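# Structural overview
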Amino acid sequence: MKYVVVSGGVISGIGKGVLASSTGLLFKTLGLRVTSIKIDPYMNIDAGTMSPLEHGECFVLNDGGEVDLDLGNYERYLNITLTRNHNITTGKIYSHVIEKERKGDYLGKTVQVVPHITNAIQDWIERVAKIPVDASGEEPEVCIIELGGTVGDIESAPFVEALRQFQFRVGTDNFALIHVSLVPVIHGEQKTKPTQAAIKDLRSLGLTPDMIACRCSKELEGATIEKIGMFCHVGREQVIAVHDVNSTYHVPLLLKEQKMMKYLSRKLNLNDVITNPKNVERGDRLMTKWRNITTAHDQSHETVTIALVGKYTNLKDSYLSVIKALEHSSMRCHRKLRIEWVESSNLEEGAREENLANYHQAWHSVCQAHGILVPGGFGTRGTEGMIAAAKYARENKIPYLGVCLGLQIAVIEFVRNVVGIPESTSMEFDSKANEDTASVVYMPDVDQVNLGGTMRLGIHSTKFVANSEWSKLRKLYGGEEEVWERHRHRYEVNPKLIKDIEAKGLKFIGRDESGQRMEIFELPDHPFYVATQYHPEYVSKVLDPSRPFLGLVAAAAGTLDAVIEHNDLKMKAEF
Ligand code: GLN
């Protein structure tokens, strides 16, 4: 197993995740099986209870793990399926060690950060790296480990020390380190001091960079690269310039251009590992596909505009997988994507009194868009605005996709305005609402006391009901009878109202295995009015876009029929 650690210096949020995923992709294009581990040095056990506004989206895995959004990047770039154990947090390591201590596993010993915590980290990495994550079902050959935060933080110190020891445990020719740094441009001059300081910090902790990836708003000048090499004590070929590019899909191409793999192959003796010519060929094909789709997208001119009506719009990362699913879909439809960010509370009547300009601007964005998306969310704030947007889309025949909360929102709107129960709401917004007329109710099997990891989570099956062949979404899924998608919710459509809702025309064409839980609705006689209780965005891939998102974008672009007819929707991406 070859381990490649990606760490960061200077500041957080400089794109370590994209760099780590892109590096993983390049290993894959050499024909290797790649896995990845994300280390988050915070005390939380997982990302499930963290605010999306503070930490970005909570990503959900097949096994129901609620994890850091970077695991989504890995799954998307590397076409792999990870488990909750691929996300290591301080909380997980400490509770593991404390549990062992209580069992008496360390009897007689004082339990300490070094060696007990640091050993537990190393054991965990070695154990999880071996888990098969792709269709081959075989053990991976390369493991990318991204260390969250910046080196030098108090929180990350035990992990840095564990990785220092780990390079000797696995052997230095099985271990490489890429340090991501920042080169700010001040008055037009590219400054290398922060990078020099970051590398000095890294070395003082016993880690040596094999590559220094320099993030910069502009292309790095030759002189800057020379200077970094010289003062950070590395060869020129070990300095990689990662300037801002059109899209993150260009980053693997940028790294390849700079021959990043040449150095890493030498350092890690990859020639000894890459032995199967068939895999090498497959890797080549992957690179070609990646390049083609990236350049084709650069050349598309027409734009499709989607209004994203949500409540966490101040931090775009809160909707990272949603944005990616929209991007993948617009690439397939040969359109440039424009997202109109609409803070849903600005659509409400209250906003009209408070801030008329915001109110008009928000409605202007909604009315201008070719399609409307209401993504997942929690709590009451802004939900009346979402309901108003769903009503607008339904009445004006604007393509609409509701995801999770977005489904519940559209059902409330329909029950209020079409079924005729104006007071209907969700028990999430009003826990005292009448259980007979509430559109959305608590699921009976969900824990109401403990909030961590207790929702209906992870992959579950959705079956299309009989006589649903007319459904556009079902056609987009290639006419399948059953689809498997990821979930994260506590509430569901009130089973008591299904009959009345369907009688008025909104059809629940996808249900869980028991037939009791509503998973998909679709409105016939509408260009595209669809919602899912699951989150289809979590499994969207560049070469295999999520079908509900593809439906929304294609309908918005006016090409839905063509997409359904001409695209080989059963095609699964090969890579
Ligand atoms: N808050 C809603 C629920 O718990 C929707 C969740 C979501 O959108 N992920 O059911």
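Thresholds, definitions, all that
Residues numbered from 1 in each chain as written. Predicted model: local features only at pLDDT ≥ 70, side-chain atom pairs only at ≥ 80, totals over all residues. Heavy atoms only, no water. UniProt positions renumbered as here; feature names shortened; annotations may be inferred. Core = buried A, V, L, I, M, F, W, Y, C linked by side-chain atoms within 4.5 Å. Buried < 20%, exposed > 50% of the residue type's maximum accessible area, 1.4 Å probe, protein only. Axes fitted to C-alpha atoms, helices over the stretch in contact; angles between N-to-C directions. Helix = DSSP H or I, 4+ residues; strand = E, 2+ residues; numbered from the N terminus. Parallel < 35°, antiparallel > 145°, perpendicular 65-115°, else oblique. Left-handed = near helix turned anticlockwise from the far one by under 90°. Contact = heavy atoms within 4.5 Å. Nonpolar A, V, L, I, M, F, W, Y, C, P; charged D, E, K, R; others polar. Pairing = 2+ DSSP bridges. Near = heavy atom within 4 Å. Polar contact = N/O pair within 3.5 Å; in protein donor to acceptor, adjacent residues only side chain to side chain. Areas by Shrake-Rupley, 256 points an atom, 1.4 Å probe, with all protein chains shown as cover.

Per an unreviewed UniProt entry, the chain goes by the name CTP synthase and belongs to Diutina rugosa. If you open the UniProt record of the chain and go to Pathway (unreviewed entry), you find "Pyrimidine metabolism; CTP biosynthesis via de novo pathway; CTP from UDP: step 2/2."

### Some remarks on the nonpolar core
Phe27, Ile178 and Leu264 are the most contacted members of the largest nonpolar core, which totals 49 residues. Core analysis: the next-biggest nonpolar cluster, separate from the first, contains 48 residues, Ala390, Tyr392, Ile421 and Ile498 among them.

### Looking at the packing of helix α4 (residues 90–103) against helix α5 (residues 113–129)
Following both chains from N to C, one finds α4 and α5 inclined at 115°, their axes separated by 10 Å at the closest point. By the criterion of interaxial angle, the relationship of α4 to α5 is roughly perpendicular. Pair α4 / α5 crosses with right-handed handedness. For the pair α4 and α5, contact is made by Lys92, Ile93, Tyr94, His96 and Val97 and by Val113, His116, Ile117, Ala120, Ile121 and Trp124, respectively. Within the contact of α4 with α5, the residues separate by chemical class into 8 nonpolar, 2 polar and 1 charged.

### A short note on the pairing of strand β11 (residues 239–243)
Walk down a regular strand and you will see the side chains alternate between the two sheet faces. Counted residue by residue, β11 has 5 buried out of 5 residues, so it is predominantly covered. Side chains Val239, Ala241 and His243 project from β11 onto one buried face, and the interleaved Ile240 and Val242 project onto a second face that is buried too.

### Some details on helix α19 (residues 547–557)
With 11 of 11 residues buried, α19 lies mostly within the body of the structure. Every buried residue of α19 is listed here: Arg547, Pro548, Phe549, Leu550, Gly551, Leu552, Val553, Ala554, Ala555, Ala556 and Ala557. The positive-phi residue at the C-terminal boundary of α19 is glycine 558, with phi of around 80°.

### So, the sheet that holds β11
An order of β5-β2-β6-β1-β7-β10-β11 is seen for the 7 strands of this open sheet, with the pairing classed as parallel. Each of the sheet's edge strands pairs with one partner strand only, and the pair in question is β5 (87–89) and β11. Each strand axis lies, on average, 20° off the axis of its neighbour in the sheet, ignoring direction. Here helix α7 (residues 193–204) sits on the sheet in contact with β1 (2–8), β7 (175–182) and β10 (211–216), set at roughly 145° to β7. Along the sheet face, helix α8 (residues 222–232) touches β10 and β11 and points at about 135° away from the line of β11.

### Brief notes about the site of the ligand
Around the ligand lies a shell formed by Gly376, Gly377, Phe378, Cys404, Leu405, Gln408, Glu428, Arg488, His489, Arg490, Tyr491 and His535. In the model, an oxygen atom of the ligand is placed 2.9 Å from a nitrogen or oxygen of the arginine 490 main chain. Relative to its unbound accessible area of 290 Å², the ligand is 99% covered by the protein chains. Only α16 (405–419) and β18 (482–489) provide two or more residues apiece to the shell around the ligand. Along the lines of polarity and charge, the residues of the shell around the ligand split into 4 nonpolar, 5 polar and 3 charged.

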